[in-house]
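Spelled out, the chains give:
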Amino acid sequence: MSDQALGGAQGGRHVGWVFSVHGSRARVALPEPTVGAEDQSQRATVGKLLAIRGRGVTLIGMITEVSVDPETERGGAKAHALAQLDLMGEILTSEGASRFRRGVRDYPAIGDPVEMIGHEELNLIFATGGQRSIRIGQITEAESTPAYVDVDQMLSKHFAIVGSTGVGKSSATTKILNEMTESRKDLRVLMLDVHNEYTQAFGARATAIGAQNLHLPYWLFNFEEITDVIYGGKPAAPEEVEILQELIPVAKGLYASQSSAEGPTIEKRRPRHNGFTADTPSPYQIGDLIQLIDERMGKLENRSSRMNHNRLMMRVDAIRNDPRHQFMFKNAIAGGDTMAQVIGQLFGLETAERQITVLQLASLPDEVVDAVVCVVSRLAFDFALWSDGALPLLLICEEAHRYASSDHHSGFAPARRALKRIAREGRKYGVHLGLVSQRPAEIDPTIVSQCGTFFVMRMTNDNDQALLRSAVSEAAANLLSFVPSLGEREVVAMGEGLPLPTRFIVDTVPQEGLPCSDMGSRGEKQAPGSYQEIVQTAIQRWRNATTSDVRRDRDLAGRPPVARRRVEAPQQNTLAMGLRSLSDGGAAGVSSGTSPLEGGTGGNGYVPLRR
Ligand SMILES: Nc1ncnc2c1ncn2[C@@H]1O[C@H](COP(=O)(O)OP(=O)(O)OP(=O)(O)O)[C@@H](O)[C@H]1O
Ligand SMILES: [Mg+2]
């Protein structure tokens, strides 16, 4: 009977009959023990799939509970046990061909025979899909059955890969992205790589962007982002913010009129904002901004207003000289309006083969990671919005709890907002999110709740499990009880990308394709040296990360550099005056005893910000 109903797909061994049905739940009497079954897949245990044979349709349900009920009888035979099933889908047969579909339209009748699901049925459910199905592993309960996920479904509603440290999240991510980019040649992936571990894993598929080649000009920052950078994530002084809001558009207007002027000898037109706002992503000179603040200050009589202007000028100048922010300021205006190039580089639009861009956040100082994540995520959304989703983009957030945190006091507010926006509206514009995290409970709940597909690896924290339970269907939530005891590389997967919630083992990623931290490989290279050498090299790198080019030149040559690094030196007298007043105790946000004008801000070009 089963062969007929399945149009050829074989069922497994007969185990019992339907005993009661309540909504999408059925109880099945199991008259025979299944403990003796040789094949592990034929034992009726929690998490296994059973097939209820109806008329022309086979209902598929997952066992959520098994218990002994010696009172249950049918035709004089004692039931050995009862199994509770969640009905999840059905296999329909027409014209000799079978297909699986999610959801149940036909409910079982009392007495319908029940079988363990067979390999062919498992294949029918998990191993076939649309054109865009990718294989990422094999079903735990039947090793010969591959686990496929539907790429379009997985992307359209975002996805999350979660689990404790070391369980294989990054390796699974690599596997998924390799398969995904193979199947979707139009897809561009931007990976926020917190540990610099993916570049090697993707080989020729990826372009790496790190401290040495990251170029995000300050003028691409919107107003909120630039103020966040200037104030180091701390609340900004409202009077100073007002000045910035007024003068940034003027600086933009000035640049636009300068660049449209016919020659460099033409006198600057008086500042007009030309319709720009502080959010318009168009170039301006940071020197012009400082000069505009200075000019306005010169016309003021009120001492406190003068001080506000002065302080703001100091802050802007300190930030642009801070070596940690050179990715924003260095050559920011050199190529003129380079917005197209920046977007092309970030989203891997320059080459068709390198679909993945790995943004190596570990190579950047902690202080700027917030700004980078924020601007990059916002640019991803805005670009998708203004291009009508013409170029589908997937943003992978490794360690997502770091910059999409549910703790609103932990900083990263603009980054979180940008990611929330993608989570909520990205689908409409072809920008998708993939979260990878050890601590899903620490990710902003709005972002997690928008994820449609979850890959859950071993995880013991109760809060994390509770959060996931609330984000998935009831049937899938039952599978989450396996999560604390999952094996290496084993995943409980559920949601839009899969036909049914299931457990599978991620395919082996070859050694050369495994994510591996750059830091680890650096350590290996240093191994032959003594520990003193290792410490010395580490200290050197450490200092270089927060030292200006000038200081490094001096260190290398053993003498001071001939030229000062700063080219634009606006209003030196006023600046010096301001610095004096700040070091007298008036500074908020700039450490005392440092002077950007001394060509070295305290000797090394580094102005520490109070954060
Ligand atoms: N699919 C896989 N194929 C081959 N090896 C794997 C696979 N998954 C995990 N491993 C092994 O387990 C190790 C840890 O995996 P991985 O780095 O992916 O874990 P993780 O969950 O990302 O850890 P962390 O939270 O520390 O980032 C890998 O270095 C690799 O040796
Ligand atoms: Mg990892």
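Everything here concerns the structure above.
Worth saying up front: this structure is predicted, and the values here are computed from it rather than measured.

Some words on the packing of helix α8 (residues 286-298) against helix α9 (residues 303-321)
Between two packed helices, what matters for the description is the angle formed by their axes and the separation of those axes.
At step 1: Where α8 contacts α9, the axes come no closer than 9 Å and their chain directions differ by 165 degrees. Judged by the inter-axis angle, α8 sits roughly antiparallel to α9. Handedness of the α8/α9 crossing: left-handed. Touching Ile286, Gly287, Leu289, Ile290, Ile293, Asp294, Arg296, Met297 and Gly298 of α8 are Arg306, His309, Asn310, Leu312, Met313, Val316, Asp317 and Arg320, all from α9.

A word on unusual backbone geometry
At step 1: Phi at His158 is positive, roughly 65 degrees, even though this residue is not glycine.
At step 2: Here His158 is to be found in the loop between α3 (151-156) and β12 (159-162).
At step 3: The backbone of Glu399 shows a phi angle near 50 degrees, a positive value even though the residue is not glycine.
At step 4: If you trace the backbone, Glu399 turns up in the loop between β16 (393-398) and α13 (400-403).

Topic: a nonpolar patch on the surface
At step 1: Among the surface-exposed residues, Val21, Tyr107 and Ile110 lie close enough to one another that they form a single nonpolar patch of about 290 Å² accessible area.
At step 2: Looking at the secondary structure, you find Val21 in strand β1 (residues 14-22).
At step 3: Given the relative accessible area of 32%, Val21 is considered partly exposed.

Observations regarding the site of ligand 1
At step 1: Ligand 1 sits among 15 residues. The nearest are Thr165, Gly166, Lys169, Ser170 and Ser171.
At step 2: Ser170 places a side-chain nitrogen or oxygen 2.7 Å from an oxygen atom of ligand 1.
At step 3: In the environment of ligand 1, an oxygen atom lies 3.4 Å from a nitrogen or oxygen atom belonging to the side chain of Gln438.
At step 4: Expressed as a share of its isolated accessible area of 630 Å², the protein-covered part of ligand 1 is 74%.
At step 5: Ranked by residue count, the leading element in the shell around ligand 1 is helix α4 (residues 169-183), at three residues.

Thoughts on the packing of aromatic side chains
At step 1: In this structure the tally under the stated criterion is seven aromatic pairs.
At step 2: An angle of 75 degrees between the planes, with centres 5.2 Å apart, marks the rings of Tyr218 and Tyr284 as edge-to-face. A residue pair is termed long-range when its members are at least 10 positions apart, and Tyr218 in the loop between β14 (206-209) and α6 (223-230) and Tyr284 in the loop between α7 (238-260) and α8 qualify at 66 residues. With respect to burial, Tyr218 and Tyr284 carry one shared label: buried.
At step 3: When the ring of Phe381 is compared with that of Tyr429, the centres are 5.7 Å apart and the planes differ by 80 degrees; the resulting orientation is edge-to-face. Within this pair, whereas Phe381 is found in helix α12 (residues 366-386), its partner Tyr429 is found in the loop between α14 (413-425) and β17 (431-437), the two being separated by 48 residues in sequence.
At step 4: Among the residues examined, Tyr429 registers a relative accessible area of 22% and is labelled partly exposed.
At step 5: Among the aromatic side chains, those forming a connected cluster through ring pairs are Tyr218, Tyr284 and Phe329.
At step 6: The aromatic ring of Phe482 is capped on one face by Arg503, whose charged end is 4.2 Å from the ring centroid.

Thresholds, definitions, all that
Residues numbered from 1 in each chain as written. Chains lettered and ligands numbered in written order. Predicted model: local features only at pLDDT ≥ 70, side-chain atom pairs only at ≥ 80, totals over all residues. Heavy atoms only, no water. Axes fitted to C-alpha atoms, helices over the stretch in contact; angles between N-to-C directions. Helix = DSSP H or I, 4+ residues; strand = E, 2+ residues; numbered from the N terminus. Parallel < 35°, antiparallel > 145°, perpendicular 65-115°, else oblique. Left-handed = near helix turned anticlockwise from the far one by under 90°. Contact = heavy atoms within 4.5 Å. Patch = residues over 30% accessible without salt bridge, like charges linked within 9 Å, V, L, I, M, F, W, Y side chains within 5 Å. Areas by Shrake-Rupley, 256 points an atom, 1.4 Å probe, with all protein chains shown as cover. Salt bridge = Lys/Arg side-chain N within 4 Å of Asp/Glu carboxyl O. Buried < 20%, exposed > 50% of the residue type's maximum accessible area, 1.4 Å probe, protein only. Near = heavy atom within 4 Å. Polar contact = N/O pair within 3.5 Å; in protein donor to acceptor, adjacent residues only side chain to side chain. Phe/Tyr/Trp six-rings, centres within 6.5 Å; stacked < 30°, edge-to-face > 60°. Lys NZ or Arg CZ within 6 Å of the ring centre and 35° of its normal.

Keep in mind that these numbers describe shape and distance, not what the molecule does.
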